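Overview (structure and organization)
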Amino acid sequence: MKIVTYNVNGLRPRVSQFGSLRRFLDSLDADIICFQETKLSRQEMRADLVQAEGYESFFSCTRTSDKGRTGYSGVATFCRVNSAFSSNEVALPVSAEEGFTGVLKILPVFGSRKIEYPSIVEGLEDFSTDELLNIDGEGRCIITDHDHFVLFNVYGPRAVRDDRERIEFKLKFFNILQKRWESLLAQGRRIFVVGDLNIAPSAIDRCDAGPDFEKNDFQLCRFRTWFRSLLVRNGGSFFDVFREKHPERRDAYTCWATNSGAEEFNYGSRIDHILCAGPCLHKEENGGHSLVACHVEVCDILKQFQRWKPGNTPRHKDIKAKNAKLEGSDHIPVYMCLVEIPNIQQHNTPSLSTRYCRQVSGCQQTLVSMFPRRQPAEEINLSGGPSSVSDDSIVVKRCSQLNKRPLDECSPPSSNLIQKDVFSTLVNCSEGSHKESSLESPCSKNGRAKTSSSVVCKKRTRESHSSQLSLKSFFQKKVGVNGDSKICCEKHTEADISIPDCGPHETLTEGGEHDSAEEWESKPSASTQEDSSQPSEKEKNNVAIVEWQRIQQLMHTSIPLCKGHKEPCVSRVVKKSGPNSGRRFYVCARAEGPASNPEANCGFFKWATAKSKK
């Protein structure tokens, strides 16, 4: 039997990478596959993401609504079986449980089924129900009972040194989890714990561990100390299976930083683990017997899943490689092969299986699924009567100092203004000296009206509607016949004006605003003519190109060179909250690696001269 643990960093991109969930699972070639960080909410569980032929799956999704935690974490266990019913396969669990505190057992699972268990696990009575729900609410554990052993699929919380709240959460998480393990061991059960625990237990498991590794950070050192206290050699009950098989192997890392290119020089850490505890299956009680020695044949790392491949272009030698996103997870799988595991009595798949999820099978829909996604721009109805306006439309309802006229003086938009692509109808009419506005409704000239002749402007046909214009791009100066900028604003309703998405020629400014590279083309009426003194569109484009080249040259010359390699640096922005949040800085463009390697990042750092606008 082969068991694999893998932090997939999002199940959707991994399924997309391999073409289907079945291909992804088959590539791992294991009987039990444990995923962490699936990043799926319960509403996002679709058949193509959670079910595959020949596999039974069990999911735990985040239940918290805290900011930044929705759709975060999540674990899943896939079991490869020949039959889900009347099966004697060990890979098919006899029972399954979401979470490890016991409070989720009394909640209804898929459909109307419920799991009949005590509400709180023995030994956790000192914790309140709210505390236990908070621990299990992030979807970090799935427990499957395979009769011969109990398998914990765990995704440990991440905590940085200055985040006191998450440090306390992580300590409580592992404290309660340990109590659950001790309860099972007291019953004589065997336990396997697999997953990303977010702990590198020893200096050999960290790329940047120095001589003072055990003393340099008291807060994070507490987790390493806790992990080592679990091990048999320190008086605990568990074996670190990988270290039992490879006690002296160095550079055996399973995770790398995503933004520094650390995989290029294998500059990472080993935080994905397989632990086991309990007696072996042999009845002999003489010495030398253990679960690892008797039943674990091999335990190793699947390096073929690493994103960085030999032969890849180093990022400092290719400008495109600096910002290229490697395909795959920032973790790689760890596997273990078990031997001499006999079959068990016939049983059926547990009720927690996704085969009983009505939402996945299509028998029941949620309220969220009843609301369709945004409609294409072609489906927006602009002709007559009230119409719905899509989310990506910008509606202008009123301007100040408008000329009030009865509604019967305004005719509906003519059909020639509504073609295959959606147009925004604009009217530019004279009325005193106001600030520019190019958004007006189409009104026919009436003999009794006291307004001057209007100019109907039509937006060019766009080939796509991929993004959205900013309001700023629509307020451009319009010049009348006498050279004066005169604007007349009329009352608009939602059915009158909607601004479609930007075309393919839009550009993105530094502040994140979208500016259209297209100009509004004026279509003069019989009584007006376009000012011939205005520059042509080609001239405007040439001026814009020259100006953009000047800006690029200025940016290139202002980027500092790193001291180690005399190469242009890359800019980064501080995203962490604090006094430097939003501030820009420059670092060496090379991949992170050991200081002894001259080809690796030289460690250059320099603040930009000014803080970025928030």
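Everything that follows concerns the structure shown earlier in this document.
The structure presented is a predicted model; accordingly, all values stated were derived computationally and were not measured.

Details of the overall build of the protein chain
Across its full length, the protein chain holds 11 helices and 24 strands. Across the 614 residues that make up the protein chain, the buried fraction comes to 46%. Within the protein chain, residue pairs in contact and separated by at least 24 positions form 73% of the contacts whose partners lie at least 6 positions apart.

A few points about the environment of F305
By the element assignment, F305 lies in the loop between strand 13 (296-301) and helix 9 (319-323). Judged by its relative accessible area of 13%, F305 falls in the buried class. With 23 residues separating them along the chain, F305 and G328 place their C-alpha atoms 7.6 Å apart. Not counting residues within four places of it along the chain, the set of residues in contact with F305 comprises Y6, F18, S27, L28, I332 and P333.

A closer look at the side chain of D196
Structurally, D196 can be placed in strand 8 (residues 191-196). Of the side chains bearing the opposite charge, R140 lies closest to the buried D196, which forms no salt bridge; the N-O distance is 7.4 Å.

Some remarks on the packing of aromatic side chains
In this structure the tally under the stated criterion is 19 aromatic pairs. Between F24 and F35, the aromatic rings sit 5.2 Å apart at their centres with planes inclined by 10°, giving stacked as the arrangement. Of this pair, F24 sits in helix 2 (residues 21-28) while F35 sits in strand 2 (residues 32-36), and the two are 11 residues apart along the sequence. Here F24 matches F35 in class, with each residue buried.

Quick word on the pattern of salt bridges
For the coordinates displayed, the defined rule picks out 23 salt bridges. Across the salt bridge formed by E56 and R355, the nearest N and O atoms sit 2.7 Å from each other. Of this pair, E56 sits in strand 3 (residues 55-60) while R355 sits in the loop between strand 14 (334-338) and helix 10 (358-361), and the two are 299 residues apart along the sequence. Exposure remark for E56: the relative accessible area of 4% places this residue in the buried category. Two residues, R243 and D205, come together in a salt bridge whose shortest N-O distance is 2.8 Å. Of the two residues, R243 is situated in helix 7 (residues 241-245) and D205 in the loop between strand 8 and helix 6 (218-229); the sequence distance between them amounts to 38 residues. The same class applies to R243 and to D205, which are both buried. Salt bridges here are not isolated pairs; linked through shared partners, they connect D205, D240, R243 and R270.

Brief notes about unusual backbone geometry
Look at D147: it is not a glycine, yet its phi comes out positive at around 70°. Within the element layout of this structure, D147 appears in the loop between strand 6 (141-145) and strand 7 (150-155). Overall, D147 belongs to the partly exposed group, its relative accessible area being 42%. In this model, K566 sits at a positive phi of 55°, which is unusual for a non-glycine residue. Along the chain, the position of K566 falls in the loop between helix 11 (537-558) and strand 22 (570-573). K566 gets classed as exposed once you look at its relative accessible area, which sits at 60%.

Let's talk about the environment of S571
The topology assignment puts S571 in strand 22. Take S571: its relative accessible area is 32%, and that puts it in the partly exposed class. In the structure, S571 is positioned 11 residues away from P560 in sequence and 9.7 Å away in space, judged by C-alpha atoms. Setting aside its immediate chain neighbours within four residues, S571 contacts R584, F585 and Y586.

Things to note about the environment of Q51
If you trace the backbone, Q51 turns up in the loop between helix 3 (47-50) and strand 3. Taking the relative accessible area as the measure of exposure, Q51 reaches 30% and is therefore partly exposed. Spatially, the C-alpha atoms of Q51 and T354 are 7.2 Å apart, while their sequence positions differ by 303 residues. Here the side chain of Q51 touches T354 through a polar contact of 2.9 Å, landing on its backbone oxygen.

Focus: the packing of helix 1 (residues 11-18) against helix 2
Relative to each other, helix 1 and helix 2 sit at 85°, their axes nearing to 7 Å. Considering their axes alone, helix 1 and helix 2 lie roughly perpendicular with respect to each other. When helix 1 is examined against helix 2, the residues L11, R14, V15 and F18 are found in contact with a partner set consisting of L21, R23, F24 and S27. Its residues assigned to classes, the contact of helix 1 with helix 2 shows 5 nonpolar, 1 polar and 2 charged.

Here's the deal with helix 1
An α-helix turns once per 3.6 residues; consequently, residues spaced three or four apart project the same way. Buried within helix 1 we find L11, R14 and V15. For helix 1, the angular spread of buried residues about the axis comes to 100°, placing them on one side. In this structure, the buried residues of helix 1 make contact with strand 1 (2-7), helix 2, strand 2, helix 3 and strand 3. G19, located one to two residues past helix 1, shows a positive phi value of around 95°.

Thoughts on the nonpolar core
Grouped together as the largest cluster of nonpolar side chains are 59 residues, with contacts concentrated most on F35 and F78. In terms of residue count, the dominant contributor to this core is strand 14 (5 residues). Beyond its immediate stretch of four places on either side in the chain, F35 contacts Y6, V8, L11, F24, L25, L28, G74, V75, A76, F78 and N153. One finds V103, L124, L132 and L177 within the second-largest nonpolar core, a separate group that totals 34 residues.

Considering the packing of helix 4 (residues 129-136) against helix 5 (residues 164-186)
It is the contact of helix 4 with helix 5, at a shortest axis distance of 10 Å, that shows an interaxial angle of 100°. If you check the angle between helix 4 and helix 5, you find them roughly perpendicular. Side by side, helix 4 and helix 5 meet where E131, L132, N134 and I135 of the first sit next to F169, K172, F173 and I176 of the second. Grouping the constituent residues of the contact of helix 4 with helix 5 by class yields 5 nonpolar, 1 polar and 2 charged.

Notes on the sheet that holds strand 6
Strand pairing in a sheet relies on backbone hydrogen bonds, with the paired strands running either antiparallel or parallel. Across the sheet, which stays open at both edges, the 6 strands sit in the order 5-6-7-8-12-9 with mixed pairing between neighbours. With one partner strand each, in any of the chains shown, strand 5 (95-98) and strand 9 (238-240) form the two edges of the open sheet. Shown here is a sheet whose adjacent strand axes are inclined to one another by a mean of 15°, direction ignored. As paired strands, strand 8 and strand 12 (residues 272-277) are joined by 6 bridges and run antiparallel to one another.

Criteria and thresholds
Residues numbered from 1 in each chain as written. Predicted model: local features only at pLDDT ≥ 70, side-chain atom pairs only at ≥ 80, totals over all residues. Heavy atoms only, no water. Helix = DSSP H or I, 4+ residues; strand = E, 2+ residues; numbered from the N terminus. Buried < 20%, exposed > 50% of the residue type's maximum accessible area, 1.4 Å probe, protein only. Contact = heavy atoms within 4.5 Å. Lys, Arg positive; Asp, Glu negative; His and termini not counted. Salt bridge = Lys/Arg side-chain N within 4 Å of Asp/Glu carboxyl O. Phe/Tyr/Trp six-rings, centres within 6.5 Å; stacked < 30°, edge-to-face > 60°. Polar contact = N/O pair within 3.5 Å; in protein donor to acceptor, adjacent residues only side chain to side chain. Axes fitted to C-alpha atoms, helices over the stretch in contact; angles between N-to-C directions. Parallel < 35°, antiparallel > 145°, perpendicular 65-115°, else oblique. Nonpolar A, V, L, I, M, F, W, Y, C, P; charged D, E, K, R; others polar. Arc of directions from axis to C-beta. Core = buried A, V, L, I, M, F, W, Y, C linked by side-chain atoms within 4.5 Å. Pairing = 2+ DSSP bridges.

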